[in-house]
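Below are the chains, spelled out letter by letter.
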Amino acid sequence: MHDTTALLVELGSVILGLGIIGRFAGRIGLSPIPLYLLAGLAFGQGGLLPLGASEEFTAVGAEIGVILLLLLLGLEYSASELVTSLKTQYPSGAVDFVLNATPGAVAALLLGWGPVGAVALAGVTWISSSGVIAKVMADLGRLGNRETPVILGVLVIEDLSMAVYLPLLTAMLAGVGFAGGSIALLVALGTVGFVLYLALRHGRLISRAVSSDNPEMLLLVVLGLTVLVAGVAQQLQVSAAVGAFLVGIALSGEVAEGARKLLTPLRDLFAAVFFVFFGLSTDPTEIPPVLLPAALLAVVTVFTKIATGWYAARRAGIGSHGRWRAGGTLVARGEFSIVIAGLAVATEPRIGPIATAYVLILVIVGPLTARWTQPAVAKIRKWRGKDDGPATRTGSGVASATQVPAPQKELTPTAD
């Protein structure tokens, strides 16, 4: 009974603290992710007040948080939107991968982490935070800008790439070798292809089977299906997160909209628990020694992400101002970087501190670059006597023919 009492007290204190932190972050216009990570660092091993009784529950809650994050992200896109993004934005996706994964891989090799560490840190530096970026664009009133579909297209490709990257990383972390890794990759590709085919051809039937006018039944069926598929995916080494993402893609229409409304509060709760848990699993005394490499890596990847957005917007025929806005908006890292580090930390413990420091830096810097990159470039060009050209019109400008259409459903910010 004493253990149960301690669990309730700790758990209640953690959730209440997260609520206060979230409100404070909203007041100052900051993503709560860095504050959640700092809270985890403060109450983890080596922190100010270690939590023991609720550790096991928090670990399970963190797993549910990852699943819900990816499920809600999948619900934002339809299978046809994903296919369209792949067809129109794949060159930008390739540039994004090369420019942003390379610094992480090189840094890991220089630190002596070996091939597995290089693949893991490459993923940390590669993937932008869809949740932070969605919130920033909404806060800045840019959801109707011409460059916004380009930004969303890059994010869609990154999210879909995780369906291949995460199983490959999981296989490497398990040490299954080249043959096992190849099998895991084939299983992942086959699973993704099969789900996309079902969603394209039979999405309405799937949604109709899941649909219910009773919110309670809809919540139970969608959540149960997601957790079941995530577990099966984990067993097949495809990654539970990817399984949840694919369930989200398979659902569409009113079912997807209803599921989003019902599951968003749960996602926000458990995603916050996930970020806290990652902080709990990182010893804060290990962060100061890695602050310098994390800061250097952050500086490099700020410029590589800006270059990625600039290139993607240029391909879509966006003007100079929109290109710089797109680049600055893509800088933020968040949930996926922590998910990747969380998978790798058991095999390569040194990735935890540097990933935490890296995300802390860029989740704060990201909203600033989104707001100030284009004005800063304009001032520099004006100082150098160069005309930056007319600004890209803000609002519901007509996208160029090479742009990927924006999702039918407006992106909903995640717990970040």
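Owing to the predicted nature of the structure, the values given are computational and were not obtained by experimental measurement.

Scoring rules and cut-offs
- Residue positions are given per chain, counting from 1 as you read along its sequence in written order.
- Under the rules for a predicted model, residues below a pLDDT of 70 receive no local features and side-chain atom pairs below 80 are neither given nor counted, while totals for whole chains, interfaces and linings still include all residues.
- Values reported for side chains reflect all heavy atoms of the structure, with hydrogen atoms and water molecules removed beforehand.
- Numbering of helices and strands runs from the N terminus; a helix is a DSSP stretch of H or I covering at least four residues, while a strand is a stretch of E covering at least two.
- For this analysis, a polar contact is any N or O atom pair within 3.5 Å, provided that within protein one partner can donate a hydrogen and the other can accept it, and provided that sequence-adjacent residues contribute only side-chain to side-chain pairs.
- By definition, residues are in contact when any of their heavy atoms lie within 4.5 Å.
- On a range of 0 to 100, pLDDT expresses the predictor's confidence in each residue.
- Here, axes are lines fitted to C-alpha atoms. For helices the fit covers the stretch in contact, and angles between N-to-C directions go from 0 to 180 degrees.
- Angles are sorted into four bins: roughly parallel if under 35 degrees, roughly antiparallel if over 145, roughly perpendicular if 65 to 115, and oblique for all others.
- Handedness of a helix crossing follows the sense of rotation of the near helix relative to the far helix, less than a right angle counterclockwise being left-handed and clockwise being right-handed.
- Only Asp, Glu, Lys and Arg are considered charged in this grouping, and only Ala, Val, Leu, Ile, Met, Phe, Trp, Tyr, Cys and Pro are considered nonpolar; every other residue, Gly among them, is considered polar.
- In these notes, a set of buried Ala, Val, Leu, Ile, Met, Phe, Trp, Tyr and Cys residues joined through side-chain atoms within 4.5 Å is what counts as a nonpolar core.
- Exposure categories follow from relative accessible area, calculated using a 1.4 Å probe and restricted to protein chains: below 20% of the type maximum is buried, above 50% is exposed, and the middle band is partly exposed.

Visitor: Give a detailed account of the side chain of Thr-125, specifying residues and quantitative values.
Guide: Take Thr-125: it is sitting in helix H5 (residues 114–126). There is a polar contact of 3.5 Å between the side chain of Thr-125 and the backbone nitrogen of Gly-104. For Thr-125, the residues in contact, after removing those within four places along its chain, are Asn-100, Ala-101, Gly-104, Leu-297, Thr-301, Arg-333 and Tyr-358.

Visitor: Lay out the confidence of the model for the chain with the relevant residues and their values.
Guide: Keep in mind that low pLDDT regions are not for reading the predicted coordinates in detail. On average, the chain scores 79 in pLDDT, and the residues at 70 or more come to 84%. Across the chain, helix H12 (residues 291–315) holds the top mean pLDDT of 95, while helix H8 (residues 177–210) sits lowest at 72. Note on residues 391–416: pLDDT is under 50 here. Beyond four places in sequence and across chains, it has 86 contacts.

Visitor: So what's going on with the packing of H5 against helix H14 (residues 335–344)? Which residues, and what values?
Guide: Taken N-terminus to C-terminus, the directions of H5 and H14 make an angle of 165°; their axes are 8 Å apart at the nearest point. Between H5 and H14, the angle falls in the class roughly antiparallel. Handedness of the H5/H14 crossing: left-handed. On H14, the residues touching Ala-120, Gly-123 and Val-124 of H5 are Ser-337, Ile-340, Ala-341 and Ala-344. Class assignment for the residues of the contact of H5 with H14 results in five nonpolar, two polar and no charged.

Visitor: Quick rundown of the nonpolar core? Include the residues and the values.
Guide: Soluble globular proteins tend to bury their nonpolar side chains together. Leu-71 and Leu-121 are the most contacted members of the largest nonpolar core, which has 108 residues in total. A total of 13 residues in this core trace back to one element, the largest contributor, which is helix H11 (residues 253–280). Once residues within four sequence positions are removed from consideration, Leu-71 is found in contact with Val-222, Thr-226, Ala-244, Phe-245, Val-247, Gly-248 and Leu-263.

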